[in-house]
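Chain by chain, the residues:
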Amino acid sequence: MTKVIKIDPQTPSKVTITLAAKLLQDGQLVAFPTETVYGLGAHALDAQAVRKIFQAKERPSYDPLIVHLHTIEALPRIARNISETVYALAEAFWPGPLTLILPRQDTVPDIVTSGLPTVAVRIPSHPVALALLQAANLPVAAPSANRFGYTSPTTAAHVLADLNGRIPLILDGGPTHIGVESTVLDMTSTPPRILRPGGVSLEALRRILGAVTMAVQPEKDTQQPPSPGMLPRHYAPHAHLVLFKGAPESVYQAMKVRAKQALKRHQKLAFMLPDEDRKRFENFPQTAQFIWLGSLKHIPDISKNLYAAMRQLDQAGAEIVLTHNLPETGLGAAINNRLSKAAAEIIETDKTNPDKDEK
Ligand code: TXA
Ligand code: MG
């Protein structure tokens, strides 16, 4: 029932784009690649069409969607009070992985914004996404194309695994480039506030905005997060993911203790680590599975591989997965945020040892 059509990510076929654009215009859903993750698109001004997104994903209606545009000229039709600063951000980062929260226009249906007075907007940079948006000539509401709460899809196969039979079409443009979602920046607060770290770093935003704050991520038992997507457990694999945070030596020590405990209990154990950790675990028992995410010298490789790694571990039937935080700079902040949300358990290894260097 779900058709998967391969499409060249650099020069997408016009025939395929036209077909997909027609589906969107007809109020149907289309999954398509963006530079961050795959999105599940619907005509943003057609409430009936948008409702299908919530049904297919089993997404609760209180979690609002991002409206995707292909040109800045369309922005005033979706949002109001567009300041010089907003245009400066758009100039600097669009098309690209930055989502802006702005006051909304009345034309945007409540179902898109979950009834909020604001709307999330971005222009994606993936050639397939841009071609589709241009051909459809519509604002397109699109969340990540996964079942709600599960790991975002970075390949068409991930989308199919989650949504087969629930949507008519997936455009397969190969693996996505960035691998974690866009940065969500609330432009209605002063100073602007990052609700979700993502493809555009805090450092890059500071160069344009000066002051930017990072919303405090809610504790695991919070009822009222500042943005619905800040629900504490999200992006989660099925396996029990344990995230270790702290100075490297204490982290490795604690991981090894935990690993031995898991092996003793005959749990199917896996590690998800940067390449640099290979030496540390050279002598570790062969029964554990290791997933090497890429080098710390090139963090974008790690973000690109992260979600696929989580899905791979689930497929392999891993019961417990051990991982640790990365340095908090650039894309590292987005990766750490997703790891925290995916984690069933977070262990801070040097809480009693505040003098040690932060990892
Ligand atoms: O990279 C991305 O952003 C991908 C691609 C497909 O564009 N999309 C994506 O959408 O990650 P989604 O629905 O999975 O995440 C959207 C996030 C959620 O955390 C949602 O709560 C937040 O944006 N959001 C949407 N509208 C909002 C609003 N008006 N106020 C605050 N947060 C909002
Ligand atoms: Mg999502």
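Caption draft 1: Here's a closer look at the sheet that holds strand 13 (residues 269–273). On the basis of which strands lie adjacent, the open sheet formed by 5 strands has the order 14-13-15-12-16 and parallel pairing. The open sheet has two edge strands, strand 14 (289–292) and strand 16 (345–348), and neither has a second partner. Between one strand axis and the next, the sheet turns through 20° on average, direction left out of account. As paired strands, strand 12 (residues 240–245) and strand 16 are joined by 4 bridges and run parallel to one another. Residue pairing in the sheet places Leu243 in a bridge with Ile346 of strand 16. Packed on one face of the sheet, helix 9 (residues 248–264) meets strand 12, strand 13, strand 15 (320–324) and strand 16 and runs near 175° to strand 15.

Caption draft 2: Highlighting the environment of Thr34. One can find Thr34 in the loop between strand 2 (30–33) and strand 3 (38–43). The buried category is assigned to Thr34, whose relative accessible area is 2%. With 139 residues separating them along the chain, Thr34 and Gly173 place their C-alpha atoms 9.0 Å apart. In this structure, Thr34 is in contact with Gly39, Arg122, Pro124, His126, Ala129 and Thr176, ignoring residues within four places of it in sequence. Only 2.8 Å separates the side chain of Thr34 from the backbone oxygen of Val37, close enough to count as a polar contact. Only 3.1 Å separates the side chain of Thr34 from the side chain of Arg122, close enough to count as a polar contact.

Caption draft 3: Main features of helix 4 (residues 84–93). Turning to helix 4, its buried residues number three or more, namely Val86, Leu89, Ala90 and Phe93. Down the axis of helix 4, the buried set is contained in an arc of 100°. They therefore lie on one face. Those residues of helix 4 that are exposed and aimed more than 90 degrees away from the buried face are Glu84 and Glu91. Check the buried side of helix 4 and you find it contacts helix 3 (75–78), strand 5 (98–103), strand 9 (183–186) and helix 8 (202–209).

Basis of the calculations
- Residues numbered from 1 in each chain as written.
- Chains lettered and ligands numbered in written order.
- Predicted model: local features only at pLDDT ≥ 70, side-chain atom pairs only at ≥ 80, totals over all residues.
- Heavy atoms only, no water.
- Pairing = 2+ DSSP bridges.
- Helix = DSSP H or I, 4+ residues; strand = E, 2+ residues; numbered from the N terminus.
- Axes fitted to C-alpha atoms, helices over the stretch in contact; angles between N-to-C directions.
- Contact = heavy atoms within 4.5 Å.
- Buried < 20%, exposed > 50% of the residue type's maximum accessible area, 1.4 Å probe, protein only.
- Polar contact = N/O pair within 3.5 Å; in protein donor to acceptor, adjacent residues only side chain to side chain.
- Arc of directions from axis to C-beta.

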